[in-house]
Number of protein chains: 2
Amino acid sequence: MANVSTATVSRALSTPGSVAEGTRRAVIEAVERSGYRVNQTARNLRRKQAGAIVVLVPNIGNPFFSRILAGIEATASKAGLNVLIADTRQPQADEGPLGEYLHNNHADGMLVLDGSLRDDFFSHGNHAHPPIVYACEWSEGTSLPSIRFDNAGGSALAVDHLAGLGHTSIGHILGPLDNVLTQERRRGFEAALARHGLRVRNDWYFDGDFTLASGANAALSWLALADRPTAITTSSDEMACGFMSELYRHGVHVPDDVSVVGFDDIDIAERFIPALTTIRQPRMEIGEVAANALIDLIRAPDRTPVGTAFTKVLDATLIVRSSTRATAEA
Amino acid sequence: MANVSTATVSRALSTPGSVAEGTRRAVIEAVERSGYRVNQTARNLRRKQAGAIVVLVPNIGNPFFSRILAGIEATASKAGLNVLIADTRQPQADEGPLGEYLHNNHADGMLVLDGSLRDDFFSHGNHAHPPIVYACEWSEGTSLPSIRFDNAGGSALAVDHLAGLGHTSIGHILGPLDNVLTQERRRGFEAALARHGLRVRNDWYFDGDFTLASGANAALSWLALADRPTAITTSSDEMACGFMSELYRHGVHVPDDVSVVGFDDIDIAERFIPALTTIRQPRMEIGEVAANALIDLIRAPDRTPVGTAFTKVLDATLIVRSSTRATAEA
DNA sequence: TTGTATGCGTTATCAT
DNA sequence: ATGATAACGCATACAA
C-alpha cells in the first residue's frame, strides 16, 4: 500500500507526468510488491475503446496472407494494439456478418484482406462504424481507404521480361475470376501484350484458383494444346510451381521447353527447381503500411472525412531467376 | 423502445429463457430497429472475462505455424472466443513478458506454440494465472498441459522407410539445437538407427534452422564429404527442399544420387521436384485439439488441478513420394 | 416474470 | 498535486 487514492494510482500509471515524483515512485513500488495489474477491460470500458484491431483474412493458413499478417502484428503491437484475426472463409457466417466485430466494440478498427467482401458488407443500417482499411485487394470502386500492390504493373513487368527474351506467344494462368487480383493482373497482362504488338489468344488463358493443384491442371491443358505458347505468366507462384511440377512429370523441361513467370515471390520460389522468375511484392511491408494507415485513422478520425478515397499503391518488382530463358530466335 | 428496464433487455439477450416470450420478442424487435449492440467490453468487465484467447507464435509468417493457427481460429470462433495473436520473435520484449496478456485480463487463456519459452516465463511472482496449453512444442518437464506430435516416432518412420529401401548410411539435417522438435526428432532418428543395427556418424549430422537456406547449406556440406550417406532425413520439409535445390544446382540428382525425407508435409512437398517423401503432421488438427483443450480448461478450471500433466500425442505418418528410392544393392 | 439497485475496475471531473 | 466521486454499459441479487 502506498497510502494513496485509486485516482492517484491511476494517474501514476497512465499519466506519470501529472503526479509528484515521490508519490510516483511509491506507487510503482507498491504495484511491484503487490503484483497489481491494470484491468484492461475496465480501462477500455472507461476509455470507450477496445485496444484491438481485427483483421479479416480469407485463409490464415495461406502464407501469402500470413506474411501480411506478420507485418500487421508487428506494427500494431508497437502501437499497443492487440490483433484479432477472423477467417472469412469459416462456415460460421450464420453467426452474422463479421462487421459485428466493430459494432460490438470488440475492435477499434478493421483491416480487410479479403477483396471478395463488398464494402457494404459492414454497414448495419446506417450506423457509423470504426475505421476500415482495405489491404492488398478490394472491390472496385470502394470508397474505403485502401492499400494495394500495383498488380497490373507487376503483370506488365512479366510480359516485358518475356518479350525482351524474344517470346511472342505468351499464355497466362488466371486466379479465381471474381478476385480483384486476378482481374488486375490480367488487365496488366493484356495491356503489356498490346504494347508489344502481341495478340491475346483465348486458348492461352488457363483457369486457376491460386493453388498448386490448379497450376498442375493448367499444365495438363497446356500439354493438350496443338499450338502451345512458349512462355506462361501466372497469377501466383503456387500455380507456377504446380505448373512446372506437372510438366516435369510429363518430361517437359522448364525453361528449355517453356518459360514460366510466377507472381508473389513466396519463399520457395527462390529454391524451386528451377528457381522461379517472379514478381515480388513486399508482403510484410504492405501489412505495416496498412496497419499504420488504420492506426492513423483510429487516432485522428476527423482528419480523414468519410468518402475520401485514400489509396496507396506499392510497387511490384521483377525477380529474374532460372525459369525463363530466351527463345531460339532471340 | 420496448418499454422495459435495462435488466430485462440484458436478460432477453443473454438469458432468453428467463424472460416471457412476448417481452423477448418485443425486446428483440426494438433492438433490431434501434441498431443496438451489446458492448462486449462492459459485458466482459461484468463477467470478469476477456472473451479471447491469445496465441503465442514464434513466427506468424511461417506456414507451419499459420496452419496450426487456422485450426485454432476455427475452433475458438466456434466457441465464441476471439483469437489474439502475439509474435514472440518481436523485438518488443522490452515491453515486458508476454505473460502480461494473461494478467491484464486481456485473454482468458493462452496457447503457446513456441517451445523455446520456459514455462516459468509466465509466472509473475506467485500469482495464479489463467490456463495455458502448450501445443506442438514445449520445454522438457513442463507441468503445463501440452499437445504435441509424436516427433520421435515420425523420425523413426523415416529411418524405417530408408532402411527398408536398403540404405545403411543415413544422415540427418538438424533444426535449431535448442528446439525441442529438433531434439525429439534426433532422438527418434538415433533410436531407429540403432534398431536397424546402423551406426550414427557425427559428420553425417548437418546443422540447420528449419529454413530453406540452411537446407541448402547442408547440401554444400554433404557435397564436401568424402564418404557420403546415401540417404538424408531432415527435421523440416523446407530444409529438405533447400537441400535438393542446392544439389540440383550442382548437378546431383535426387533420388538417384541420394534419397531425401522431409518432415511436416507442407503444401509444396507434394509438388516439389521431385515430390518429397515426408512425415506428415496434421497441423490444422493439432490447432483444433489444443484449442479445445484450452477451452475446456477455461470453462471448467477445477477439473484439471494445477500440476496435473495433461498430455496428448498425435501420430505422424509417412508419406512416400519420389525423393527416395532403393539402393542398387537392395 | 420483471424492475430496482449495486458493483465490476478504471479514468475524468471537480474540489481541495 | 492529490482525494472524493461519478460514470462507462452490463449482469445479477433481491424485491416486488
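Because the structure is a prediction, the values reported are computed rather than measured.

**With respect to the protein's contact with DNA strand C**
Now for step 1: Residues in close proximity to DNA strand C total 25 residues, the closest being Ser10(A), Arg43(A), Arg46(A), Thr8(B) and Thr23(B).
Now for step 2: If you look at DNA strand C and keep only atoms within 4 Å of the protein, 68% of those are sugar or phosphate atoms.
Now for step 3: In the environment of DNA strand C, a base nitrogen lies 2.7 Å from a nitrogen or oxygen atom belonging to the side chain of Arg11(B).
Now for step 4: In this structure, Arg46(B) approaches DNA strand C through a side-chain N or O atom, which is 3.1 Å from a base nitrogen.
Now for step 5: At the level of secondary structure, the elements contributing two or more residues to the surface near DNA strand C comprise α1 (6-14) and α3 (40-47) of chain A together with α1 (6-14) and α3 (40-47) of chain B.
Now for step 6: Its residues assigned to classes, the surface near DNA strand C shows 9 nonpolar, 8 polar and 8 charged.

**Here we look at the sheet that holds strand β7 (residues 205-206) of chain B**
Residue and element names in this part refer to chain B.
Now for step 1: Pairing is parallel across the open sheet formed by 4 strands, whose spatial order is β7-β6-β8-β9. Two strands lie at the open edges of the sheet, namely β7 and β9 (259-261), each paired on one side alone.
Now for step 2: Against the sheet, helix α6 (residues 151-164) contacts β6 (170-173), β8 (231-234) and β9, and its axis sits at roughly 160° relative to β9.
Now for step 3: Each of β6, β8 and β9 is contacted by helix α9 (residues 237-249), which is oriented at about 155° to β9, the strand it contacts most.

**Overview of the protein's contact with DNA strand D**
Now for step 1: The local shell around DNA strand D holds 24 residues, among which Thr8(A), Thr23(A), Tyr36(B), Arg43(B) and Arg46(B) are the closest.
Now for step 2: Each atom of DNA strand D within 4 Å of the protein was assigned to sugar, phosphate or base; sugar and phosphate come to 66%.
Now for step 3: In this structure, a phosphate oxygen belonging to DNA strand D sits 3.1 Å away from a main-chain N or O atom of Ser5(A).
Now for step 4: Taking Arg47(B), its side chain carries an N or O atom lying 3.5 Å from a phosphate oxygen of DNA strand D.

**Some thoughts on the packing of aromatic side chains**
All names here are of chain A.
Now for step 1: One pass over the structure, following the stated rule, counts 7 aromatic pairs over all chains.
Now for step 2: Ring centres 5.1 Å apart and planes at 85° place the aromatic pair Phe-64 and Phe-65 in the edge-to-face group.
Now for step 3: With relative accessibility at 8%, the residue Phe-64 sits in the buried group.
Now for step 4: An angle of 75° between the planes, with centres 6.3 Å apart, marks the rings of Trp-222 and Phe-243 as edge-to-face. Of this pair, Trp-222 sits in helix α8 (residues 212-224) while Phe-243 sits in helix α9 (residues 237-249), and the two are 21 residues apart along the sequence.
Now for step 5: Trp-222 sits in the buried class, given a relative accessible area of 3%.
Now for step 6: With relative accessibility at 0%, the residue Phe-243 sits in the buried group.
Now for step 7: The side chain of Arg-185 reaches across the aromatic face of Phe-263, ending 3.9 Å from its centre.
Now for step 8: Between the NZ or CZ atom of Arg-228 and the centre of the ring of Trp-222, over which it lies, the distance is 4.6 Å.

**Regarding the relation of the copies chain A and chain B**
Now for step 1: For the pair chain A and chain B, the superposition axis carries a translation of 0.0 Å, the fit reaches an RMSD of 0.1 Å, and the rotation angle comes to 180°. On this basis, the relationship between the two copies can be described by a two-fold rotation axis.

**Some details on the pairing of strand β2 (residues 82-87) of chain A**
Residues and elements named next belong to chain A.
Now for step 1: Where burial is concerned, most of β2 is hidden: 6 out of the 6 residues are buried.
Now for step 2: Covered by surrounding structure in β2 are Asn-82, Leu-84 and Ala-86 together with Val-83, Ile-85 and Asp-87, the residues of both alternating faces.
Now for step 3: Sheet analysis places strand β1 (residues 52-57) next to β2, joined by 6 bridges and oriented parallel. By the bridge assignment, Ala-52 is partnered in β2 with Asn-82.
Now for step 4: Since β1 and β2 lie parallel, the crossover through helix α4 (residues 63-78) that links them has a hand, and here it is right-handed.

**Considerations on the pattern of salt bridges**
Now for step 1: Taken as a whole and assessed by the stated rule, the structure comprises 28 salt bridges over all chains.
Now for step 2: Put simply, Arg186(A) and Glu190(A) hold a salt bridge, and the shortest N to O gap is 3.2 Å. Separated by 4 residues within a single helix, Arg186(A) and Glu190(A) lie in helix α7 (residues 180-195), roughly one turn from each other.
Now for step 3: The exposure class of Arg186(A) is partly exposed, given its relative accessible area of 28%.
Now for step 4: Here Arg25(B) and Glu21(B) are joined by a salt bridge, their closest N and O atoms 3.4 Å apart. With Arg25(B) and Glu21(B) both in helix α2 (residues 21-34) and 4 residues apart, this pair spans about one turn of that helix.
Now for step 5: Looking at Arg25(B), the relative accessible area reads 55%, which means it is exposed.
Now for step 6: Bridged by salt links that share partners, the residues Glu21(A), Arg24(A) and Arg25(A) form one connected network.

**A word on the side chain of Thr233(B)**
Residue and element names in this part refer to chain B.
Now for step 1: Structurally, Thr-233 is set in strand β8.
Now for step 2: You can call Thr-233 buried: its relative accessible area is 4%.
Now for step 3: Here Thr-233 is in contact with Ala-158, Leu-162, Ile-170, Gly-171, His-172, Ile-173, Phe-189 and Val-261, once residues within four sequence places are set aside.

**Description of the side chain of Glu238(B)**
Now for step 1: You can see Glu238(B) is positioned in helix α9.
Now for step 2: We note that Glu238(B) is buried and unpaired, the nearest opposite charge coming from Arg283(B) at a distance of 7.7 Å.

**Some thoughts on the domain arrangement of chain A**
Now for step 1: As far as domains go, chain A holds domain 1 (6-38), domain 2 (50-149 + 283-315) and domain 3 (151-280).
Now for step 2: Domain 1 of chain A and domain 3 of chain A are separated by 61 Å when their C-alpha centres are compared.

**Considerations on the environment of Asp209(A)**
All names here are of chain A.
Now for step 1: On the secondary structure map, Asp-209 appears in the loop between β7 (205-206) and α8.
Now for step 2: In this structure Asp-209 comes out as partly exposed when scored by relative accessible area, which is 39%.
Now for step 3: For the pair Asp-209 and Val-313, spaced 104 residues apart in sequence, the C-alpha separation works out to 24 Å.
Now for step 4: Setting aside residues up to four positions removed in sequence, Asp-209 forms contacts with Leu-174, Gly-175, Pro-176, Ser-214 and Met-239.
Now for step 5: At 2.6 Å, the side chain of Asp-209 and the side chain of Thr-211 are in polar contact.
Now for step 6: A distance of 2.8 Å separates the side chain of Asp-209 from the side chain of Ser-214, its partner in a polar contact.

**Quick look at the interface of chain A and chain B**
Now for step 1: The partner chain B presents 56 residues to the 56 residues of chain A that form the contact.
Now for step 2: With both chains or domains summed, chain A and chain B bury close to 4,900 Å², and 55% of this area falls on carbon and sulfur atoms.
Now for step 3: It is Arg37(A), Arg271(A) and Ile273(A) that lose the most area in chain A upon contact with chain B, and together they represent 16% of the buried surface on that side.
Now for step 4: For the pair chain A and chain B, the interface holds 2 salt bridges.
Now for step 5: In this structure, the salt-bridge partner of Arg271(B) is Glu246(A), at a minimum N-O distance of 2.8 Å.
Now for step 6: Taken together, the connections running from chain A to chain B amount to 10 residue pairs in polar contact (both at pLDDT 80 or more).
Now for step 7: When residues of the side of chain A that touches chain B are traced back to their parent elements, those giving at least two are α3, α4, β2, α5 (100-103), α8 and α9 of chain A.
Now for step 8: Here the side of chain A that touches chain B gets 8 residues from one element, more than from any other, and that element is α4(A).

**What to know about the sheet that holds strand β9 (residues 259-261) of chain A**
Residue and element names in this part refer to chain A.
Now for step 1: Spatially, β7-β6-β8-β9 is the arrangement adopted by the 4 strands of the open sheet, whose pairing is parallel. Across the chains shown, the open sheet's two edge strands, defined by having one partner strand only, are β7 and β9.
Now for step 2: Each of β6 (170-173), β7 and β8 (231-234) touches α7; the most contacted strand, β6, lies at about 175° to it.
Now for step 3: In the packing of α9 onto the sheet, the strands contacted are β6, β8 and β9, and the crossing angle to β9 comes to about 155°.

Reading guide: rules and limits
Along each chain, the written sequence defines residue order, and numbers are assigned to residues from 1. For this description, chains carry letters from A and ligands carry numbers from 1, given in the order in which they are written. Reporting in this predicted model follows two pLDDT cut-offs: at least 70 for local features of residues, and 80 or more for side-chain atom pairs to be given and counted; totals over whole chains, interfaces and linings ignore these cut-offs and use all residues. As a rule here, side-chain values cover all heavy atoms of the structure and leave hydrogens and water aside. We call a residue near a molecule or strand as soon as one heavy atom of that residue lies within 4 Å of the molecule or strand. Pairs of N or O atoms within 3.5 Å make up the polar contacts considered here, provided that, within protein, one atom can donate a hydrogen while the other can accept it, and that residues adjacent in sequence are counted only when both atoms are side-chain atoms. Secondary structure elements are taken from DSSP: a helix is a run of H or I of four residues or more, a strand is a run of E of two residues or more, and numbering for both begins at the N terminus. Lys, Arg, Asp and Glu make up the charged group, whereas Ala, Val, Leu, Ile, Met, Phe, Trp, Tyr, Cys and Pro make up the nonpolar group; the residues left over, Gly among them, are polar. For two strands to count as paired, DSSP must find a minimum of two bridges between them. It only takes one pair of heavy atoms within 4.5 Å for two residues to be counted as in contact. In this description, a line fitted to the C-alpha atoms serves as the axis of each element, helices being fitted only across the stretch in contact, and the angle between N-to-C directions of two axes falls anywhere from 0 to 180 degrees. A pair of Phe, Tyr and Trp rings is counted when the ring centres sit within 6.5 Å of each other, with Trp represented by its six-membered ring. The angle between the planes then sorts it: under 30 degrees is stacked, over 60 is edge-to-face, the rest tilted. For every residue, the accessible area obtained with a 1.4 Å probe (protein chains only) is divided by the maximum for its type, and the residue is called buried under 20%, exposed over 50%, and partly exposed between those limits. Two conditions define a charge located above a ring, namely a distance within 6 Å from the ring centre to NZ of Lys or CZ of Arg, and an angle within 35 degrees of the ring normal. Copies are brought into register by a least-squares superposition over C-alpha atoms of residues with pLDDT of at least 70 in both. Crossovers are marked right-handed if the path from the first strand over the helix to the second runs clockwise, as seen with the strands pointing away from the viewer. Basic side-chain nitrogens of Lys or Arg form a salt bridge, by our definition, when they fall within 4 Å of a carboxyl oxygen of Asp or Glu. Charge counting follows a simple rule: Lys and Arg are positive, Asp and Glu are negative, and His as well as the terminal groups are ignored. The domain boundaries here were taken from an automatic or database domain assignment. Summed over both partners, the accessible area lost on bringing two parts together, with a 1.4 Å probe, is the buried area.

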